[in-house]
Amino acid sequence: MLEVTGLRVSYGGIQAVRGITFHVNEGEMVALIGANGAGKSSTLRALARLLEPAGGSVRYRGKELVSLPPYRLVGEGIALVPEGRGVFPRMSSLENLRMGAYARNDKAEIERDLEHVLGHFPRLKERAQQTAGTLSGGEQQMLAIGRALMSKPRLMLLDEPSMGLAPIMVQKIFEVIRTVSLEGMTILLVEQNAKLALEVSQRGYVMESGEITVTDESKKLLADPKVRAAYLGE
Amino acid sequence: MDTLLQQLINGLTLGAVYALVALGYTMVYGIIGLINFAHGEVVMIGTMVAFTVIVSLAGSGMPPLMILGIGLLISVLVCMALGWSLERVAYRPLRGAPRLTPLITAIGMSMVLQNVAMIIWGRNYITFPPMIEKHIFTVGGATFTNVQVAIVTLAALVMSGLIYLVHRTRLGMAMRATAQNPQVASLMGVDINRVIAMAFVIGSALGAVAGCMVGSYYEIAHYQMGFMLGLKAFTAAVLGGIGNLAGAMAGGILLGVIEALGAGYIGQLTGDFLGSHYQDIFAFIVLIVVLMFRPSGLFGERTGDRA
């Protein structure tokens, strides 16, 4: 579904991503793990075109994405849940969710999807009228994921969904991610919490200083002594 | 007592105009963090265009109200085009430049527009032909005219329209989202270039309406009139909390009232040392006080998250 070839990203003269190649198949969840500063988030941001790639190709369902203006990506079925959530702080939760469906015009289905998303996150239903800036970090993360779902994506890019959240909240968020994946969503997950990411995903790529160094099934990566030593704190 | 009521009425009229102009500043600031110092000149061009249209239609035998309406409409359209061009030509190429660069460009555009207006309309004061027969109403010792009633009513209508647009339409939602987080807004499918252009276009349309009001209220126009009007409306926007629409409306009305009361009582306050033609100082006293004690304005939206 997504084929990335030789992707390079640089800013301020530093090459954050040095020509990486990877792919995500339809329906699978793929984890991109690595240490802080390895280039995981830069990769994701380049895919979502928040950063201009310095080179390489990103093919999605056979279509080259690098030439599209950023705001057209959501129409192609790609949704990014950005690092740090990026909710609209002075809009209500409900308005944030509706913003997720901004590019759609199938009104009746939007309402149905809204119910579906609120079904995933009963907490957001209680907070529907509350300004998003006043929600807790975990609630904002739920909102950001819900908002991405509202665009009815085929491919979801998740950037550090566990960042800054209490362990119990992380568990809840990952339960939802797993459910969404089981419903058939294709997911590319960037996560510092390697253990968690490898437990929910089918395949994984390990990034180190802007390059992909190891790739395998997530189960095997979890068992790999080198990966365990470097990223699982053993 | 007569002075008080009279000055409140005059202040409300003036304030309605300030509010409309202030909205133009605040909309653009709210979305791209730029103080568009050329906005006052857009208002001036609005007045001038209305003047030209009205003068050229004055002898045509059309009913005066219709002529005024056509003048207003053409003035709004011209200013919308002007606002769009300003953004396209002067500001968009500087997106991502240090903040001072577009600010200086704005001052430059303001000078360009003044000089263009001087070339077209001359350097002298021009007088509006009186199109509406004035009726004077008297209430409790204070007087006001039908022109004042029309100004305040029209301003209220236009502002309600804007509130509806911002809170109830798709474009308004896109504008609010872009103001709060442009990157994420574009992830949602918002073409932020279009939203930014629309902020200029709508702000300029409001400015044109204000320009026509100024023209029909004072019945004179001058190529430099946009400068002081712009500064005062900017003060009103800062007073209300720049970036905040309701703040611009409230700040405009409040500034108009403060200024009118100041003009009414300055003689008494200074023992006739200063006359009412010193009314301009009040706007700047307000600006200084706000910047010193409450830089985020009355409706204090944090400006920190919009740097």
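- Chain B carries the name LIV-I protein H in an unreviewed UniProt entry, which gives Candidatus Accumulibacter appositus as its organism.
- Under the UniProt heading Sequence similarities (unreviewed entry), the note attached to chain B is "Belongs to the binding-protein-dependent transport system permease family. LivHM subfamily."

- Looking at an unreviewed UniProt entry, one finds chain A named LIV-I protein F, with Candidatus Accumulibacter appositus as its source organism.
- Per UniProt, the comment on chain A under Sequence similarities (unreviewed entry) is "Belongs to the ABC transporter superfamily."

## Some points on the overall build of chain B
- Looking only at helices and strands, one finds 11 helices and four strands in chain B.
- Relative to the 2.2 N^0.38 estimate, which gives 19 Å for 307 residues, the radius of gyration of chain B is 19 Å and therefore close to what a compact globule would have.
- In terms of its C-alpha atoms, chain B occupies a principal-axis envelope of roughly 60 × 50 × 35 Å.
- For chain B, the share of sequence-separated contacts (at least 6 apart) that also reach a separation of at least 24 residues comes to 76%.
- Within chain B, one finds 14 positive and 11 negative side-chain charges whose respective centroids are separated by 15 Å.

## Topic: the pairing of strand β10 (residues 211-217) of chain A
Residue and element names in this part refer to chain A.
- Where strand β9 (residues 203-208) meets β10, six bridges bridge the pair, whose relative direction is antiparallel. Within the sheet, the bridge partner assigned to Y205 lies in β10 and is T215.
- Taken together, β9 and the strand that follows it, β10, pair antiparallel across an intervening segment of two residues, in which S209 is found at a positive phi of about 40 degrees.

## Considerations on empty space enclosed by the protein
- Tallied over the entire structure, the rule returns three cavities of 30 Å³ or more.
- Roughly 100 Å³ of internal volume is contained in the largest cavity.

## Some remarks on the state of the cysteines
All names here are of chain B.
- For the structure on display, the rule yields zero disulfides over all chains.
- Counting only cysteine sulfurs, C212 is the nearest neighbor of C79, a cysteine outside any disulfide, at a range of 7.7 Å.
- Judged by relative accessible area, C79 falls into the buried class, the value being 0%.

## Some points on the pattern of salt bridges
Residues and elements named next belong to chain A.
- Considering all chains together, one arrives at 18 salt bridges over all chains under this definition.
- One salt bridge in this structure joins E109 and K152, with 2.4 Å as the shortest N-O distance. Taken together, the residues span a long stretch of sequence, with E109 in helix α4 (residues 107-120) and K152 in the loop between α6 (137-150) and β7 (155-159) at a distance of 43 residues.
- The partly exposed category is assigned to E109, whose relative accessible area is 27%.
- Classification of K152 by relative accessible area gives partly exposed; the value is 42%.
- With its nearest N and O atoms 3.5 Å apart, the salt bridge here joins E115 to K125. With E115 in helix α4 and K125 in helix α5 (residues 122-126), this residue pair connects regions lying 10 residues apart in the sequence.

## Regarding the packing of aromatic side chains
- Scanning all chains against the criterion turns up seven aromatic pairs over all chains.
- Here B:F51 and B:F128 contribute two aromatic rings whose centre-to-centre distance is 5.6 Å and whose plane-to-plane angle is 50 degrees, an arrangement assigned as tilted. Linking B:F51 in helix α2 (residues 39-57) with B:F128 in the loop between β1 (126-127) and β2 (136-139), this pair joins segments that are 77 residues apart in sequence. As far as burial versus exposure is concerned, B:F51 and B:F128 are alike and both buried.
- Each member of the aromatic cluster is reached from another via a ring pair, and the members are B:Y25, B:F37 and B:F234.
- A:R147 extends its terminal NZ or CZ atom over the ring of A:F88, reaching a point 5.1 Å from the ring centre.
- Here the guanidinium or amino end of B:R170 rests over the ring plane of A:Y102, the centre of that ring lying 4.1 Å away.

The rules behind these values
- Residues numbered from 1 in each chain as written.
- Chains lettered and ligands numbered in written order.
- Predicted model: local features only at pLDDT ≥ 70, side-chain atom pairs only at ≥ 80, totals over all residues.
- Heavy atoms only, no water.
- UniProt positions renumbered as here; feature names shortened; annotations may be inferred.
- Helix = DSSP H or I, 4+ residues; strand = E, 2+ residues; numbered from the N terminus.
- Rg over C-alpha atoms; globule rule 2.2 N^0.38 Å.
- Contact = heavy atoms within 4.5 Å.
- Lys, Arg positive; Asp, Glu negative; His and termini not counted.
- Charge placed at Lys NZ, Arg CZ, Asp CG, Glu CD.
- Pairing = 2+ DSSP bridges.
- 1 Å grid on protein atoms, 1.4 Å probe; cavity = no way out; pocket = protein on both sides within 12 Å on 5 of 7 lines; lining within 4 Å.
- Points joined across faces, edges and corners; volume = space filled by probe spheres on them.
- Disulfide = S-S within 2.5 Å.
- Buried < 20%, exposed > 50% of the residue type's maximum accessible area, 1.4 Å probe, protein only.
- Salt bridge = Lys/Arg side-chain N within 4 Å of Asp/Glu carboxyl O.
- Phe/Tyr/Trp six-rings, centres within 6.5 Å; stacked < 30°, edge-to-face > 60°.
- Lys NZ or Arg CZ within 6 Å of the ring centre and 35° of its normal.

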